[in-house]
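Residue-level listing of the chains:
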Amino acid sequence: MRTTTRLLALGAVLATFGLGGITPAAADNQHLLNVSYDATREFYQDYDQAFTDYWQKKTGNTVTIDQSHGGSGSQAQAVISGLDADVVTLAVASDIDAVAKAGLLSQDWQKSLPDGSTPYTSTIVFLVRKGNPKGIHDFGDLVRDGVQVITPNPKTSGAARWGYLAAWAWAEQKYGGDRQKVEAYIRALYQHVPVLDTGSRGSTITFAQKGIGDVLLSWENEAYLAIDQFGADQFDIVVPPLSIRADPPVTVVDKNVAAHGSAALARAYLQYLYSPEGQTLAARHHYRPAHPELVTDRSLIAAFPKIKLVTIDDPIFGGWAKVQAEQFGDGGIFDQIYKPAN
Amino acid sequence: MAASSTRSTSPPTERRRPIIVRPSVIPGFGVTFGFSFACLGLVVLLPLLALFLKAAEISPARSLAILTDPRTIAALRVSFGSSIIAALVNIVFGLIVAWVLVRYRFPGRRILDAIVDLPFALPTAVAGVALSSLYAQNGWVGSVVGHLGLKVAYTPAGIVVALIFVGLPFVVRTVQPVLEELDKEQEEVAATLGARRGQTLLRVILPRLTPAILAGFALAFARAVGEYGSVIFIAGNIPFVSEIAPLLIVIRLQEFNVPAASLVAAVMLVLSLAMLLVINLLQLWSRRRFGDGV
Amino acid sequence: MASERNGWRSATSEAPAVRWTLITIAVLFMLLVLVLPLANVFVEAFSKGLPAYFRALSDRYTLAAMQLTLLVAAIAVPVDLVFGVAAAWAIAKFEFKGKTLLTTLIDLPFSVSPVIAGLVYVLLFGAQGWFGPWLSAHNIKIIFAAPGIILATIFVTFPFIARELIPLMQDQGSTEEEAAISLGASGWQTFRRVTLPNIRWGLLYGVLLCNARAMGEFGAVSVVSGLIRGKTNTLPLQIQALYDDYNLTGAFAVASLLALLALVTLAVKTLLEWRYADQLAARRGH
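Residues numbered from 1 in each chain as written. Chains lettered and ligands numbered in written order. Predicted model: local features only at pLDDT ≥ 70, side-chain atom pairs only at ≥ 80, totals over all residues. Heavy atoms only, no water.

Trainee: Residues and numbers for the interface of chain B and chain A, please.
Mentor: If you look at the interface, chain B gives 13 residues, while chain A gives 16 residues. Buried area between chain B and chain A, both sides added, is near 1300 Å², and the carbon and sulfur share of it is 62%. Taken as a group, Tyr154(B), Gln254(B) and Phe256(B) account for 40% of the area that chain B buries against chain A, more than any other trio of residues on that side. In this assembly, chain B and chain A are joined by four residue pairs in polar contact (both at pLDDT 80 or more). Tallied by class, residues from the side of chain B that touches chain A come to nine nonpolar, three polar and one charged. (Contact = heavy atoms within 4.5 Å. Buried area = accessible area lost by both parts, 1.4 Å probe. Polar contact = N/O pair within 3.5 Å; in protein donor to acceptor, adjacent residues only side chain to side chain. Nonpolar A, V, L, I, M, F, W, Y, C, P; charged D, E, K, R; others polar.)

Here it is, written out as structure tokens:
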């Protein structure tokens, strides 16, 4: 009897402690949930700290920011399914479009912030083993015999879709727009992919930590981060002659901030990304800032290699709405061509 | 007032079947039974029902497509195949460990006995990161077997290693009590009849342990099939090679393809229950054939 | 053995060579499979030194994960306890039709993969689930929030205490309870003063194992959690988050905490068995 009573009492005490810590105050407007994609963990760790300090100095209020990371597509679906995001900082505009379509934010979201709500851009590069033993220099090399390519799942990851489109752009150029040949190339490419992780971070871990594959189709910033983490003696970055400008946009989730009373805070949080501090932090984390002129440390800007970049609005693509439906939707081109390597 | 004890004293041949519940002086049957059944229904049965109903919602054509998808079949094959191998390894070594713990005295026996339960108490994620770091190319064990040209981490072998870890206590803990209760008389008789020790072990003791071994196998196998946390860190998660069924379910969920996830889950459940049924029947047969070991 | 020193060996034991080979095999196997991973956790956790270890543990997100884990266990274990005691009472003290069915149903969560345990609650309470629309209309969050995690954990740990108590109470029989009733005690009094003292060590043992599992559950929770750092990450999920952040030392630091909990559980369990072996009749009944 005593044992059971004591155990129950202990449980009640712990529950009270726990409840006190977990339940947020009802009208807590000094808290934000930032639902982001997989590669931004380190960036937002630093950025959240910087913003918290800035907000403290500006308003005297302490703000807590929680982060959730995962494949961009999965994160968007999670927000639609009830994940209480105040802001979403995802990898592709069509993922935010999906959230808008579900009624959680305005369809005109992209106009609400400068530069199409994209404070920084990135691109897709190749991360290879040190010395580039398989001699991979361009997208054509990815389908050579014996080359294994690591890239995430386009159904769940933003990086995967950008990589797919970069390869598509190369094939369009190589085959002069011959649709059949382009699709044959993409089909061949995915036959060289042994495993599709759900997010870019998962793919980086598969390639860099687990040692699977010969080349990683990676966010530019993620490739630099991998070298920082695992050592410059492990990997090389190969920049293809042609790649795609990847635009990871950010926006406020209007419905949720209305419910939380955090609209002003959320807007300020995103606007700070465009400030000199925000842009410098982005550059430091190997993102290409939308306003490089605001970055005082010029060496950060000079470090970015010059690449010929296509954009999503290029005629071959025609914008995200078209591409998402045609390529990545249910029964789209990816579904038709994807037959995993046996 | 018939104060009936739960230990029946009526003649063994005649057993009056209780109507629903045998009358007893002890109160509280209604409350406790009703409460347990209600809890069970709400917490376990209702959710499982939702699973099967959701899986049944899918059109037959789409169901067939999902079920015959080579990736689904491969994932089920990897899960069930690795689980059988791991459970078999656990039978061999679990038997040895149980034998050693019961029959021999040696320094550290108590500690060994206590450690057997480690996989019960250790969270699967902890086991997962530990095993993956241990068996990676530069890990303590991985580097050693690497010299022999073997790769463990991120291969199907890694999955088996993780499943051996989670399944070991089941075999040991089911065989141990039976071994402890084993009457040495039969062994002595066998010895006096001229059997060598090896023959006695094989033909007198082992059969009597068979029901317990099968029970342990069943438990280890059931646990291994559903295992997720310890496996995903050490497996390569490569479809068709080292992707386990629970991971496929999670991936389908992350793609927000709930129908596919539910279908794979339902199939997994039915398959494991079927295998458990088979093993339980085997166990029943062996019990009748070899006796209960006592 | 004394007789062996005289050159005699008992007919029911093996040659010393065989004995020691078997012992060596058993010990080496256990070392390789069980002890080595455990040691690895602690070595990796402390590999960057003590200050880094404590820094990793006092990280804001890890502390929040600890709180959530404690909360989940604090709710799941008592629920399992109440259910376990009720079910054990019904099964052990009475004879009724369908007893085997009830026991089999209680064992059901053991045969279900933890991932499926999480999935079923998404099917019930997720946005497209049976109760999804009703829940979001009333702004109640279950999936992607603590309640979902608690429910999934309860599912997984449901049978633990029941399975511990049922064989124990069956072994102990009902004669004492019947005597108490016939002497005029009420049902509740009988339970409190006759049954409970008899089962208390088995109960404690069951609670310990249940708690270890509740705190360590990973698969079920990862499906229902939103993986929100600081909000819906339990300690096991935090291990994965740190691992994905390339923070191996942090991941192992958190892992070492849970490993410590496992060791404490084992130590208390050994102590209980040592001192109260006769009252843990079914201790090996897993």
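Trainee: So what's going on with the sheet that holds strand β2 (residues 64–69) of chain A? Which residues, and what values?
Mentor: Residue and element names in this part refer to chain A. Taken in spatial order, the four strands make up an open sheet running β2-β1-β3-β9, and their pairing is mixed. Two strands lie at the open edges of the sheet, namely β2 and β9 (250–252), each paired on one side alone. For this sheet the average axis-to-axis angle between neighbouring strands, irrespective of direction, equals 20°. Relative to β2, strand β1 (residues 31–36) runs parallel, the two being bridged by six bridges. When the sheet's bridge partners are listed, Leu33 is paired in β2 with Asp66. (Pairing = 2+ DSSP bridges. Helix = DSSP H or I, 4+ residues; strand = E, 2+ residues; numbered from the N terminus. Axes fitted to C-alpha atoms, helices over the stretch in contact; angles between N-to-C directions.)

Trainee: Kindly report on a nonpolar patch on the surface, identifying the contributing residues and their values.
Mentor: Taken together, the side chains of Leu49(B), Leu53(B), Trp130(C) and Phe131(C) present a nonpolar region at the surface, about 370 Å² in accessible area. Here Leu53(B) lies in helix α1 (residues 29–57). Judged by relative accessible area, Leu53(B) falls into the partly exposed class, the value being 42%. (Patch = residues over 30% accessible without salt bridge, like charges linked within 9 Å, V, L, I, M, F, W, Y side chains within 5 Å. Areas by Shrake-Rupley, 256 points an atom, 1.4 Å probe, with all protein chains shown as cover. Salt bridge = Lys/Arg side-chain N within 4 Å of Asp/Glu carboxyl O. Buried < 20%, exposed > 50% of the residue type's maximum accessible area, 1.4 Å probe, protein only.)

Trainee: Run through the confidence of the model for chain C, naming residues and quoting values.
Mentor: Residues and elements named next belong to chain C. Residues at a pLDDT of 70 or more form 93% of chain C, whose mean pLDDT is 86. Here helix α1 (residues 2–5) stands out as the element of chain C with the lowest mean pLDDT, 52, in contrast to helix α8 (residues 146–157), whose mean of 94 is the highest. Scored below 50 in pLDDT, residues 281–286 makes 24 contacts in the model with residues more than four places away or belonging to other chains. (pLDDT = per-residue confidence, 0-100.)

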